[in-house]
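What follows is the residue order along each chain.
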Amino acid sequence: MDFATLVFWIVAVILIGSALAVVSLRNIVHSALSLVIVFAMAAGIYLLLNAEFIAIVQILIYVGAITILILFAIMLTRITSGQSTNPVSKQWWLGAIISVLIGVGIIYAEMNSSHAVSATGGSSPLPGNVSNVVRIGQLLYSPSSYSYVLPFEVASLVLLVAIVGAIVIGRED
Amino acid sequence: MGLTLNHFLVLGAMLFCIGLYGAIAKRNAIAVLMGIEIMLNAVNITMVAFSFFNHVKGNGLDLSSLLTGQIFAIFIITVAAAEAAVALAMVISIYRKRDTVDVSEIDMMKW
Amino acid sequence: MYQYSGLILFAPLLSFVIIVFGTRVWDMLSRPKKVQLTTHDGHGSGEGHEQGAHVGVELAFASVPAVATAATARGAKDATAHAEDQAAAAHGAHLDDHGEDDDEDPKVAHLSQGAVVSGYVGVGIMLLAAVYSWYLLLYSIFVPDQNFLKNGTDVFSYDWLRQVGGAGDYVIAFHIDTLGLAMLVVVTTVSLLVHFYSQGYMEDSAGYARFYAYLALFTFSMLVIVFAQNFLVIFIGWELVGLSSYLLIGFWINKKAKPDEQRPSPSNAAMQAFVTNRVGDVGFIIGIMILFANTGTFDFATLFVKAPHVMSQGLLATAMILVFCGAVGKSAQVPLHVWLPSAMEGPTPVSALIHAATMVAAGVYMVARVFPLFVSAGPVALGTVAWVGAITALFAATIALVQSDFKRVLAFSTISQLGYMFVGLGISGLGNSDLTYGAGPGMFHLFTHAFFKALLFLGAGSVLHSLHHATHKEVQDMRLMGGLGPKMPITAITWLIATLSISGFPFLSGFYSKDTIIGLTAERGQWGLYIITLGTAGLTAFYMLRAFILAFGGTDGKYGGLWGGTYRGVGDPHESPRTMTIPLVLLAIPSIIAGYWFGFFQYLSPKAPIISFTELLTNPLTYIGTAVSLLGLGVAYFMYARLNQEKLHNFVENNAALRTVHRILYNRYYVDEFYNWLIKYGVLGLSHVEQAFDTYIIDGVVNGVARLVTTLGRDIRYTETGRVQSYMIGFFGGVAVLTAVVLVLVTYVAK
């Protein structure tokens with residue numbers, strides 16, 4: 001087992017474990033904290049996949065902003081009284097069954113399909129020694145060759161709308 | 001046993017299902033949102049994995065430098081952030097109105 | 001000449017139309033405006049009210065039956081009480097005459113002009129019709145036209161539907177031939193005499209014009225049967241006669257039942273008559289349909305030729321026996337005889353016309369009409385006819401032995417004599433003789449029977465009428481009569497003549513017709529039928545003379561108890577008015593001489609033999625028959641004129657066997673009770689089962705579907721919980737299922 005595989009297994013186990021913790025802990029704050037670990041481990045996976053930019057962006061946005069957002073929301077919607085703050089609904093068993101079924105279905109499909117992508121690991125290095133960030137920047141902003149500049153602009157609009165929406169919805173009146 | 005695409009795909013699938021369970025089976029609205037975040041992360045992992053294991057069989061085009069999966073992941077993250085913001089604003093607003101964040105008590109559209 | 005016989009057919013219809021649309025309308029229009037009586041809603045134009053055109057006190061009296069009947073019919077009870085008090089105060093003495101019978105037989109002080117006119121119209125038209133029919137009869141005998149004697153002539157024909165899809169013709173055709181003429185004479189004569197008689201019997205009756213209208217309708221219906229040329233028309237007439245009988249039996253609408261005398265109300269009796277006839281008609285219709293389906297025609301002449309060719313004998317026999325079922329119902333044979341005794345609830349002229357002479361004879365006439373078909377159908381059909389007739393004759397005669405109701409004895413006597421007619425018809429086809437008697441014997445007995453039975457009934461009506469006047473109540477029980485001979489001489493003498501005639505006393509008309517039938521049964525070797533008919537002849541003689549002695553004689557009368565004696569009732573009865581006694585005398589004549597038409601058989605079917613007087617005298621069978629009749633007469637004379645009635649009564653009561661037999665016969669073999677039981681538990685039981693089926697199964701299915709939809713709707717709405725998580729469960733559950741399905745399909749199917 002080489003180094004990458006080992007790291008992968010460690011990160012994967014922690015990832016799955018904390019994901020399970022998120023959905024099963026009875027205290028909402030504990031769940032939120034487990035969620036942080038989930039995000040962090042996801043960043044680790046991205047690193048393993050040579051996607052440094054995505055990893056950093058993951059940390060920045062998910063761990064940095066969304067987690068805080070969630071914690072603020074938990075704080076503002078405090079559930080007083082002794083009951084658990086993160087209870088399970090009455091039909092949780094139904095959800096469990098469905099999840100398991102879907103999971104088994106997906107995994108089975110993946111295992112037995114003939115990928116369009118070869119299963120051999122590794123990839124050819126990027127042309128030249130362009131780093132991941134540069135390449136993503138080229139893909140996002142390039143005015144002349146193949147680029148995703150339009151989705152980028154739309155994404156900024158989405159963010160604008162989201163900001164305005166969140167403010168409007170969250171108003172007190 | 002080297003890392004293959006299957007590893008990441010299975011990981012993504014399991015994570016997705018865990019997130020699904022969280023979205024279905026928890027009563028706190030914020031917990032539901034957390035489940036949804038987990039699902040989005042699972043998808044992201046799958047996307048990036050596909051972009052890494054990128055030997056496309058087929059018509060000889062060299063698409064390996066098109067980091068489609070990663071770009072997709074960036075956009076997913078962006079939209080997820082926006083959606084989380086709006087959703088949490090809604091949860092707070094509902095909490096102000098009804099003094100509860102229990103989704104099983106928000107059933108005004110019932111029969 | 002024969003072409004115009006259509007006039008005879010339509011004359012009574014004309015009379016009916018005149019009465020219903022003419023005189024009654026005239027009456028209604030000429031009624032004065034009424035003075036308002038307290039709570040009475042002053043219209044007074046109910047059924048059968050012929051109100052006089054008088055005001056004031058007369059009005060009060062005349063309104064009483066109107067109010068009484070209207071009140072009974074509509075239930076305004078205060079009006080009755082109040083008006084009766086008023087009228088009672090106004091006309092005390094006259095009203096006491098009628099008492100509670102007013103409800104049963106409503107009377108008016110004077111007949112309205114319209115009513116009187118309708119009476120004269122009825123009698124007048126019937127007189128013309130009767131005269132013309134006698135003229136035709138005599139013309140056909142004395143100016144014989146061979147073509148007419150063989151085939152008859154068509155009178156009137158109307159194509160109703162022709163060749164409907166190749167299925168056959170529906171033609172309304174009327175036809176007259178010798179058989180029809182013989183029957184025609186009977187119908188019109190008896191109808192005329194009954195019309196005339198009713199002028200006296202129904203005097204001052206509130207329903208006078210209505211009665212004449214119904215009589216006219218009945219006569220028309222009977223003539224439709226007589227003139228019918230095909231099964232369709234005869235069936236139409238059949239049902240019309242049933243309708244008229246219903247209307248006439250139930251004539252006294254508000255009369256109540258008398259359970260202690262075992263008498264139903266007239267409305268119930270009318271219903272019973274109609275329904276029982278209907279039961280017979282089921283067989284009749286099926287028989288007609290079998291014939292029609294196999295031959296494609298209703299027409300008699302065509303059927304006589306075609307049916308034996310296209311139908312097997314067994315099928316034809318079945319069809320004819322079913323057709324005979326209709327005759328069983330209409331002519332009151334066993335088992336459908338129960339309506340005839342109940343039909344005595346109608347007025348006595350009705351009983352004379354319908355239930356003695358004409359309507360019940362329609363069954364016999366119909367069988368005679370299609371006699372060639374019966375002959376082609378083989379001995380089974382005719383044997384059935386003869387045996388049913390014989391059993392009925394014996395059955396009814398035994399019941400008549402002990403009846404105490406005057407009219408009921410006559411009713412059972414009619415049933416018995418009808419049985420004789422059917423024996424006569426049946427016997428002509430049985431046995432091993434070459435002589436083709438045709439429908440002769442049965443029709444001959446019908447011919448003579450009509451006259452003396454009508455005479456018997458009209459005489460009974462005369463007795464009842466005068467007893468009603470004497471006692472102010474309706475008296476029909478023979479135990480309350482006695483010694484009426486000297487008081488009502490004309491009635492008594494004519495009744496005696498009729499009694500002797502029906503008993504087969506030598507040289508009266510009944511002797512010839514009855515003994516011919518009895519002799520034929522012996523000649524043809526049918527010894528069972530012979531014994532039965534012979535025995536019944538003796539019984540007939542017995543009960544008829546018994547009735548005579550109980551009514552007109554007594555143990556202490558003249559001629560050894562035959563004439564006069566103690567009167568066991570109240571009041572002082574006297575002879576009836578002339579309008580009632582003239583028909584009696586007129587009927588007595590044919591009762592004596594009608595039997596002397598020896599050429600009757602040949603008149604009906606040209607190949608039949610003529611009755612020979614000398615042959616009758618030399619045949620020993622005649623003497624045996626006469627001896628039996630005289631024996632019956634003698635026993636009756638001995639038991640009722642000579643014996644002490646008290647001792648006789650005690651003797652029967654003390655003997656257990658005799659008492660049981662008496663009780664069974666008195667209750668008419670409990671057939672009525674049996675039918676009641678059958679209807680109640682059989683028919684109504686079946687209807688209850690079917691109703692349960694309808695309610696629980698059919699309605700259950702229909703309502704169940706509706707209930708299912710409602711329940712489904714009500715329960716499915718619970719899936720709409722309003723909670724997103726339930727919807728997600730549904731959504732992703734579907735995804736899971738679809739995933740599984742696709743994977744299975746891809747793995748195992750798409751290989």
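Residues numbered from 1 in each chain as written. Chains lettered and ligands numbered in written order. Predicted model: local features only at pLDDT ≥ 70, side-chain atom pairs only at ≥ 80, totals over all residues.

## Regarding the overall build of chain A
Argument step 1. Secondary structure summary: chain A contains 6 helices and 0 strands in total.
Argument step 2. The order of helices and strands in chain A, counted from the N terminus, is α-α-α-α-α-α.
Argument step 3. A total of 173 residues make up chain A; the buried ones form 28% of that total. (Helix = DSSP H or I, 4+ residues; strand = E, 2+ residues; numbered from the N terminus. Buried ≥ 20, exposed ≤ 12 C-beta atoms within 10 Å, placed from the backbone.)

## Description of the overall build of chain B
Argument step 1. From N to C terminus, chain B includes 3 helices and 0 strands.
Argument step 2. Put simply, chain B runs from its N terminus to its C terminus through helices and strands in the order α-α-α.
Argument step 3. For chain B, buried positions account for 58% of its 111 residues.
Argument step 4. When contacts within chain B are restricted to residue pairs at least 6 apart in sequence, those whose partners lie at least 24 apart make up 56%. (Contact = placed C-beta atoms within 7 Å.)

## Notes on the interface of chain A and chain B
Argument step 1. Contacts between the two partners involve 76 residues from chain A, matched on the other side by 68 residues from chain B.
Argument step 2. Looking at the side of chain A that touches chain B, the elements that each hand over two or more residues are α1 (3–24), α2 (28–48), α3 (52–76), α4 (92–112), α5 (132–141) and α6 (149–169) of chain A.
Argument step 3. Tallied by class, residues from the side of chain A that touches chain B come to 54 nonpolar, 19 polar and 3 charged. (Nonpolar A, V, L, I, M, F, W, Y, C, P; charged D, E, K, R; others polar.)

## Some details on the interface of chain C and chain A
Argument step 1. With 9 residues of chain C in contact, the opposing surface of chain A contributes 10 residues.
Argument step 2. Of the residues contributing to the side of chain C that touches chain A, the split by class is 6 nonpolar, 3 polar and no charged.

## A look at the nonpolar core
Argument step 1. Within the largest apolar cluster, 213 residues are counted, with the highest numbers of intra-cluster contacts made by C:M320, C:V367 and C:A454.
Argument step 2. The next biggest cluster of nonpolar side chains, apart from the first, holds 85 residues, and it includes A:V22, A:L139, B:A13 and C:F732. (Core = buried A, V, L, I, M, F, W, Y, C linked by C-beta atoms within 7 Å.)

## Remarks on unusual backbone geometry
Residues and elements named next belong to chain C.
Argument step 1. Residue V334 is joined to P335 through a cis peptide bond whose omega torsion reads 0°.
Argument step 2. Mapped onto the elements, P335 comes out in the loop between α13 (313–330) and α14 (339–342).
Argument step 3. For D204, which is not glycine, the phi torsion reads 60° and is therefore positive.
Argument step 4. Position of D204 relative to the elements: it lies in the loop between α8 (178–201) and α9 (208–227).
Argument step 5. Although it is not a glycine, Y669 adopts a positive phi angle of roughly 60°.
Argument step 6. Looking at where Y669 falls in the secondary structure, it is placed in the loop between α30 (656–666) and α31 (671–716).
Argument step 7. The class for Y669 is partly exposed, based on 14 C-beta atoms found within 10 Å.

## Some details on the packing of helix α11 (residues 266–295) of chain C against α13(C)
All names here are of chain C.
Argument step 1. Relative to each other, α11 and α13 sit at 155°, their axes nearing to 7 Å. On the basis of the axis angle, α11 is roughly antiparallel to α13. Considering only the axes of α11 and α13, their crossing is left-handed. Side by side, α11 and α13 meet where T276, N277, V279, G280, D281, G283, F284, I286, G287, I288, I290 and L291 of the first sit next to L315, T318, A319, M320, L322, V323, C325, G326, V328, G329 and K330 of the second.
Argument step 2. The residue makeup of the contact of α11 with α13, split by class, is 13 nonpolar, 8 polar and 2 charged. (Axes fitted to C-alpha atoms, helices over the stretch in contact; angles between N-to-C directions. Parallel < 35°, antiparallel > 145°, perpendicular 65-115°, else oblique. Left-handed = near helix turned anticlockwise from the far one by under 90°.)

## Section: helix α15 (residues 348–357) of chain C
Argument step 1. Buried residues dominate α15(C), accounting for 10 of its 10 residues.
Argument step 2. Of the residues making up α15(C), those classed as buried are C:T348, C:P349, C:V350, C:S351, C:A352, C:L353, C:I354, C:H355, C:A356 and C:A357.

## Considerations on the confidence of the model for chain B
Argument step 1. In the predicted model, chain B carries a mean pLDDT of 87, and the fraction of residues at 70 or more is 88%.
Argument step 2. Here the predicted complex carries an ipTM of 0.90, next to a pTM of 0.70. (pLDDT = per-residue confidence, 0-100.)

## Notes on the environment of B:I24
Argument step 1. Considering the arrangement of structural elements, one finds B:I24 in helix α1 (residues 5–25).
Argument step 2. Residue classification places B:I24 among the buried residues on the basis of 26 C-beta atoms within 10 Å.
Argument step 3. Separated by 12 residues in the primary sequence, B:I24 and B:I36 have C-alpha atoms spaced 9.7 Å apart.
Argument step 4. Here B:I24 is in contact with A:G95, C:Q725, C:M728, C:I729 and C:F732, once residues within four sequence places are set aside.

## Comments concerning the environment of C:L316
Residues and elements named next belong to chain C.
Argument step 1. With respect to the helices, strands and loops of the structure, L316 is situated in helix α13.
Argument step 2. Counting along the chain gives 57 residues from L316 to L373, while the straight-line C-alpha distance between them is 8.0 Å.
Argument step 3. Apart from residues no more than four positions distant in its own chain, L316 is found in contact with A307, P308, M311, S376 and A377.

## Thoughts on α3(A)
Argument step 1. Look at α3(A): 35 Å from first C-alpha to last across 25 residues, which is about the 36 Å you get at 1.5 Å a residue.
Argument step 2. At A:I66, α3(A) shows its maximal bend, which comes to roughly 25°.
Argument step 3. Looking at α3(A), one finds that the buried residues are A:I54, A:A55, A:V57, A:Q58, A:Y62, A:I66, A:T67, A:I70, A:A73 and A:I74.
Argument step 4. Where α3(A) is buried, its residues meet α2 of chain A together with α2 (29–52) and α3 (68–98) of chain B. (Expected span 1.5 Å × (residues − 1). Bend = angle between axes of the 7 residues up to and from the residue.)

## As for the packing of α2(A) against α3(A)
Residues and elements named next belong to chain A.
Argument step 1. At a minimum axis distance of 8 Å, the contact between α2 and α3 shows a crossing angle of 175°. Between α2 and α3, the crossing angle belongs to the class labelled roughly antiparallel. Contacts between α2 and α3 pair I28, V29, A32, L35, V36, F39, A40, A42, A43, Y46 and L47 from the former with E52, I54, A55, Q58, I59, Y62, V63, T67, I70, L71 and I74 from the latter.
Argument step 2. Classifying every residue of the contact of α2 with α3 by side-chain character gives 19 nonpolar, 2 polar and 1 charged.

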